[in-house]
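A structural walkthrough
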Amino acid sequence: MDPEHASASGRPRPQRPRSSHREIADELRSRIRSGELRPGQRMPTQAKLADEFGVERGAVRQALRILQSEHLLTDVSKGSPATVAAAQAPARPPAGPAVPPQPTMVALAPRIAAAFAARHVRIDALCLTAVSLTMAIGEPLRQIHAGRLEPAKIDLRLLLPSRDIDLAFPTPVDADDGGLLHRRWLAQRNAQGLVLRQNLLALYATHGIDVRISFRALPFTPPVKLYLLNGAEALFAYYTLGRREREIGHEHVELYDADGTRSPLFAFERRAGRRDAAFVDQSGLWFDALWETISSELVLTS
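Overview of the structure. (Residues numbered from 1 in each chain as written. Predicted model: local features only at pLDDT ≥ 70, side-chain atom pairs only at ≥ 80, totals over all residues. Heavy atoms only, no water.)

Before going further, it helps to examine the overall build of the chain. Scanning the chain from terminus to terminus reveals 7 helices and 15 strands. Taking all 302 residues of the chain together, 49% fall into the buried category. Total accessible area computed for the chain in this model is approximately 14,500 Å², and 50% of it derives from carbon and sulfur atoms. (Helix = DSSP H or I, 4+ residues; strand = E, 2+ residues; numbered from the N terminus. Buried < 20%, exposed > 50% of the residue type's maximum accessible area, 1.4 Å probe, protein only. Areas by Shrake-Rupley, 256 points an atom, 1.4 Å probe, with all protein chains shown as cover.)

Now the structure itself:
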């Protein structure tokens, strides 16, 4: 939920220059996953990226090499700009207790894409704003439009916090902000939900896919995020809070907030053994209970 400002290249610029090559890789990865950077498209030059992120070219090259190792970029060199790799049919990610957690924006997209290989795709999600989910679904959408995935039906249920509650986070550190943070969160929640719904419903017109997407509102701020994929996999992450400073509406605000896109995502799958299968089952029961009892109708308006 970082504020953004326009850069010289037209791409929104983060409020502060990023100094970490891993942060640069995370941002570029999200642009590729969301479809903003398309397969076969040339990346900006390393000089332009260095200017956008406020770093030396060496940090940019390190970031690009990370994405090349993940098969998201090709032709990474000191010379001509790298190229976004062609979309490939999704491979099923590894599972089991030996598989370490990864940041949400690294782990979620390939697992969502693998789930879309099913004829009937079923996704249940509980989160704060749906930012990660919206970006992750950009990958299977690319695969569908490229003809590499052909689901017949998609069912998505999404639990988000109600607009009528006082959020536990984001929240100001000291004084009352007059509802500024709540309004900003609500605008982002609604915008992400509308984009997600529009992108999925468009698949009926373009590919004849039966799409059903439903939203419900929770009466509490979720301390965790949960994604359930085809009843076979549960992805789980904690929202870890930190003290941050943001510029919102030309005001500097000290707040407690979490960066959900970086939260380590733990993957549990039925095929990985009894422990994982039990976690998947209980997560599904927990989600269903919230959906059917204390949640309420959610309308994506301000």
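Past the structure itself, the notes keep going.
Another point: the environment of Ser80. Mapping Ser80 onto the fold places it in the loop between β3 (73–74) and β4 (83–84). Remark: the alpha-carbon pair of Ser80 and Met43, spanning 37 residues in sequence, is separated by 9.4 Å. Ser80 has contacts with Arg42 and Asp75, leaving out every residue within four places of it along the chain. (Contact = heavy atoms within 4.5 Å.)

The strand order across the open sheet formed by 8 strands is β5-β14-β11-β10-β6-β7-β9-β15, and the pairing between neighbours is mixed. The open sheet is flanked by β5 (102–103) and β15 (296–297), the only strands paired with a single partner. Pairing between strand β9 (residues 210–218) and β15: 2 bridges, direction antiparallel. Residue pairing in the sheet places Arg216 in a bridge with Glu297 of β15. The strands touched by helix α6 (residues 180–207) within the sheet are β7 (153–161) and β9, with β9 carrying the most contacts at an inclination of about 165 degrees. (Pairing = 2+ DSSP bridges. Axes fitted to C-alpha atoms, helices over the stretch in contact; angles between N-to-C directions.)

For the rest of this paragraph, the subject is the packing of aromatic side chains. In total, this model carries 5 aromatic pairs according to the counting rule given. When the centroid spacing of 5.0 Å and the interplanar angle of 85 degrees are considered together, the rings of Phe236 and Tyr238 count as edge-to-face. Measuring from ring centre to ring centre gives 3.9 Å for Phe268 and Phe279, while their planes differ by 25 degrees; the resulting arrangement is stacked. With Phe268 in strand β14 (residues 264–269) and Phe279 in helix α7 (residues 274–292), the pair connects residues that are 11 residues apart, well separated along the chain. Residue Phe268 is classed as buried on the basis of its relative accessible area, which comes to 11%. Members of the aromatic cluster, connected to one another through ring pairs, are Phe236, Tyr238, Phe268 and Phe279. In this arrangement the basic side chain of Arg157 is found over the ring face of Trp291, its NZ or CZ atom lying 5.1 Å from the centre. (Phe/Tyr/Trp six-rings, centres within 6.5 Å; stacked < 30°, edge-to-face > 60°. Lys NZ or Arg CZ within 6 Å of the ring centre and 35° of its normal.)

Attention shifts here to the side chain of Asn230. Of note, Asn230 is situated in the loop between β10 (224–229) and β11 (233–238). From its side chain, Asn230 meets the backbone oxygen of Ala115 in a polar contact 3.0 Å long. (Polar contact = N/O pair within 3.5 Å; in protein donor to acceptor, adjacent residues only side chain to side chain.)

Before going further, it helps to spend a moment on the sheet that holds strand β8 (residues 171–172). As summarised here, the arrangement of the 3 strands in space is β8-β13-β12, forming an open sheet in which the pairing is antiparallel. Every interior strand has two partners, whereas the edge strands, β8 and β12 (241–248), have only one. α6 contacts β8, β12 and β13 (251–258) of the sheet and is inclined by roughly 65 degrees relative to β13.

Within β7, 7 of the 9 residues are buried, which leaves it mostly tucked inside the rest of the structure. In this sheet, β7 lies alongside strand β6 (residues 120–126) in parallel orientation, the contact comprising 7 bridges. Paired with His120 across the two strands is Lys153, which belongs to β7. Note on the crossover from β6 through helix α5 (residues 131–145) to β7: the handedness is right-handed. Where β7 meets β9, 9 bridges bridge the pair, whose relative direction is parallel. Paired with Leu159 across the two strands is Arg216, which belongs to β9. (Right-handed = clockwise from strand over helix to strand, strands pointing away.)

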